[in-house]
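As a plain string of letters, each chain reads:
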Amino acid sequence: MFLSITLLLIGLVVLVLGAEFLVRGASSISKKAGIPPIVIGLTIVAFGTSAPELIVNVFSAFAGTTDLAIGNVVGSNVANVLLVLGASALFVDLKVHKNTTWREIPFSFLAVMVLFFMSNDFFFDHGSSNILSRSEGLTLLGFFAIFMFYTASLFSARKLSGNEDVQQVKVYKSSVAIFMTFLGLFSLFIGGKLLVNNAVILARLAGMSEMLIGLTIVAIGTSLPELATSVAAAIKKQDDLAIGNIVGSNIFNIFWILGATATISPIPLSNDANFDIFVCFFSTILLFTALLIGRRHVLQRWQGILMLLSYFIYLVYLIIRG
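Treat the numbers as computed from the prediction; the structure is a model and nothing was measured. (Residues numbered from 1 in each chain as written. Predicted model: local features only at pLDDT ≥ 70, side-chain atom pairs only at ≥ 80, totals over all residues. Heavy atoms only, no water.)

1. Quick notes on the side chain of Ser 283
Move 1: Relative to the assigned elements, Ser 283 resides in helix H12 (residues 272-290).
Move 2: Setting aside residues up to four positions removed in sequence, Ser 283 forms contacts with Asn 77, Val 78, Val 81 and Leu 82. (Helix = DSSP H or I, 4+ residues; strand = E, 2+ residues; numbered from the N terminus. Contact = heavy atoms within 4.5 Å.)

2. What to know about the packing of H12 against helix H13 (residues 301-321)
The axes of two packed helices give the description: the angle between them and the distance between them.
Move 1: In the contact formed by H12 and H13, the axes pass within 11 Å of each other and the chain directions differ by 175 degrees. Relative to H13, H12 is oriented roughly antiparallel. When H12 is examined against H13, the residues Asp 272, Phe 275, Asp 276, Val 279, Phe 282, Leu 286, Leu 287 and Ala 290 are found in contact with a partner set consisting of Gln 303, Leu 306, Met 307, Ser 310, Tyr 314, Tyr 317, Leu 318 and Arg 321.
Move 2: Counted by class, the contact of H12 with H13 contains eleven nonpolar, two polar and three charged residues. (Axes fitted to C-alpha atoms, helices over the stretch in contact; angles between N-to-C directions. Parallel < 35°, antiparallel > 145°, perpendicular 65-115°, else oblique. Nonpolar A, V, L, I, M, F, W, Y, C, P; charged D, E, K, R; others polar.)

3. Considering the environment of Pro 36
Move 1: Residue position: Pro 36 is located in the loop between helix H1 (2-33) and helix H2 (37-49).
Move 2: Residue classification places Pro 36 among the buried residues on the basis of a relative accessible area of 0%.
Move 3: Note: C-alpha distance between Pro 36 and Leu 241 (205 residues apart in sequence) is 9.2 Å. (Buried < 20%, exposed > 50% of the residue type's maximum accessible area, 1.4 Å probe, protein only.)

4. Considering helix H4 (residues 66-91)
Move 1: Between the first and last C-alpha of H4 there are 36 Å, a value that for 26 residues agrees with the 38 Å anticipated at 1.5 Å per step.
Move 2: Of all the bends found along H4, the most pronounced is centred on Asn 80 and spans about 35 degrees.
Move 3: Counting buried positions along H4 yields 23 of 26 residues, so the element is predominantly enclosed. (Expected span 1.5 Å × (residues − 1). Bend = angle between axes of the 7 residues up to and from the residue.)

5. A few points about helix H9 (residues 174-205)
Move 1: The end-to-end C-alpha distance of H9 is 47 Å, a good match for the 46 Å that 32 residues give at a rise of 1.5 Å each.
Move 2: Positive phi shows up at Gly 207, right after H9, with a value of about 80 degrees.

6. Considerations on the confidence of the model for the chain
Move 1: When pLDDT is averaged across the chain, the result is 82; 93% of the residues are at 70 or more.
Move 2: The secondary-structure element of the chain with the lowest mean pLDDT is helix H8 (residues 162-166), recorded at 41, while H13 shows the highest, at 93.
Move 3: Scored below 50 in pLDDT, residues 159-167 shows 15 contacts in the model against residues more than four places distant or in partner chains. (pLDDT = per-residue confidence, 0-100.)

7. Side note on the nonpolar core
Move 1: Among the nonpolar cores identified, the biggest contains 76 residues, and Leu 132, Phe 255 and Leu 299 are the most heavily contacted of them.
Move 2: For this core, the element with the highest residue contribution is helix H11 (residues 239-264), accounting for twelve residues.
Move 3: Those residues in contact with Leu 132, other than ones at most four positions away along the chain, are Leu 115, Met 118, Leu 140, Leu 258, Ala 262, Pro 266, Ile 267 and Leu 269.
Move 4: One finds Leu 68, Ala 203, Ile 213 and Val 218 within the second-largest nonpolar core, a separate group that totals seven residues. (Core = buried A, V, L, I, M, F, W, Y, C linked by side-chain atoms within 4.5 Å.)

8. A closer look at the pattern of salt bridges
It is possible for side chains bearing opposite charge to pair when their charged atoms get close.
Move 1: Considering all chains together, one arrives at two salt bridges under this definition.
Move 2: Residue Arg 295 pairs with Asp 93 through a salt bridge whose shortest N-O separation is 3.0 Å. Of the two residues, Arg 295 sits in the loop between H12 and strand E4 (298-299) while Asp 93 sits in the loop between H4 and strand E1 (94-95), which places them 202 residues apart along the sequence.
Move 3: Since its relative accessible area comes to 40%, Arg 295 is described here as partly exposed.
Move 4: Arg 321 is paired through a salt bridge with Asp 276; the nearest N and O atoms lie 3.0 Å apart. You can see Arg 321 sitting in helix H13 and its partner Asp 276 sitting in helix H12, a full 45 residues away along the chain.
Move 5: With a relative accessible area of 25%, Arg 321 lands in the partly exposed category.
Move 6: Using a relative accessible area of 1% as the deciding quantity, one classes Asp 276 as buried. (Salt bridge = Lys/Arg side-chain N within 4 Å of Asp/Glu carboxyl O.)

9. Observations regarding unusual backbone geometry
Move 1: Despite not being glycine, His 297 shows a phi value in the positive range, around 60 degrees.
Move 2: His 297 gets classed as buried once you look at its relative accessible area, which sits at 14%.

10. Topic: a nonpolar patch on the surface
Move 1: Judged by side-chain polarity, Met 1, Ile 5, Leu 9, Leu 12, Val 16, Ile 201 and Leu 205 come together as a nonpolar surface patch covering roughly 660 Å² of accessible area.
Move 2: When residues in the nonpolar patch are grouped by element, the largest group, four residues, is from H1.
Move 3: In this structure, Val 16 sits in helix H1. (Patch = residues over 30% accessible without salt bridge, like charges linked within 9 Å, V, L, I, M, F, W, Y side chains within 5 Å. Areas by Shrake-Rupley, 256 points an atom, 1.4 Å probe, with all protein chains shown as cover.)

11. As for the packing of aromatic side chains
Move 1: Taken as a whole and judged by the stated rule, the model has 14 aromatic pairs.
Move 2: A centroid spacing of 5.2 Å and a plane angle of 45 degrees characterise the contact between Phe 109 and Phe 281, whose relative ring orientation is tilted. Highlighted residues: Phe 109 in helix H5 (residues 98-118) and Phe 281 in helix H12, separated in sequence by 172 residues.
Move 3: Given the relative accessible area of 27%, Phe 109 is considered partly exposed.
Move 4: With 6.4 Å between their ring centres and 50 degrees between their planes, Tyr 311 and Tyr 314 make a pair best called tilted. Of this pair, Tyr 311 and Tyr 314 both sit in helix H13, separated by three residues, roughly a single helical turn. For the pair shown, Tyr 311 and Tyr 314 are each scored as buried. (Phe/Tyr/Trp six-rings, centres within 6.5 Å; stacked < 30°, edge-to-face > 60°.)

12. Details of the packing of helix H3 (residues 51-63) against H9
Move 1: One way to put it is that H3 packs onto H9 with a least axis distance of 8 Å and a crossing angle of 50 degrees. Judged by the angle between their axes, H3 and H9 are oblique. By crossing handedness, the relation of H3 to H9 is classed as right-handed. Across from Ala 51, Pro 52, Ile 55, Val 56 and Phe 59 in H3, the residues of H9 making contact are Leu 188, Phe 189, Gly 192, Lys 193 and Val 196.
Move 2: By residue class, the composition of the contact of H3 with H9 is eight nonpolar, one polar and one charged. (Left-handed = near helix turned anticlockwise from the far one by under 90°.)

Written out as structure tokens, the structure reads:
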């Protein structure tokens, strides 16, 4: 147990350092190449911070621990919005690009809706059970390809706004920035793996169920890269990087990671999963609504507190449910 706790703490330190390198490197690349930070956040950073979820789910698919896989993705998406963005907004009000509010966040909402329809065979198709099949996994991957095509179009279509132009970004040599970015991604991968593996060991020693482990310990653990990256980006006033990281990660988690997992091994879903998917839906709607009330397209500190409170209530419910 002592070894697991030590490795868990080492993983946390590596995650934080990795996030720092990733934000510095990715911000420098976007500034020097004239790439909008939101594009970097939706692609490079989102993919890197989603790496722990991908590793956990691929291993879960081959091991047949599908409850852990679905709990990991749904739990991570809830944690990303309520915990990560909530915590990031505590440090500074996050200014969100108008297109992010009206395009990328609705795309994230679409991902949750597609997952809900696909995971309810019993209700919609009168099937004997609910299962995310291989064909549905391939369909999710198809949605992911569409999202990547859309993101690629942002590179040529979206120009840096005045707000993004005045943000202070330290520019490094191209080779240094690329090295920092890849070092950050690698550190996030290693740190996330160390933390999740040892958190699962400690949780099982405490007698927690596989689904509960996925929705809590693993979900929070695999969301730590997003937390570290978004908080670091928020402090450096790289708002689009902070928001794009979360929105991109949530879309990646459902379309890419869950799609790949179901393609490897079909995922049976329990009835309890519907409530967790609903909470995922609620968190996305809460984020969208928060950007339309008060200061438009700004996630304010009080809204961040509300998100953190909502996440705490959800965690308490999960523990009571077991």
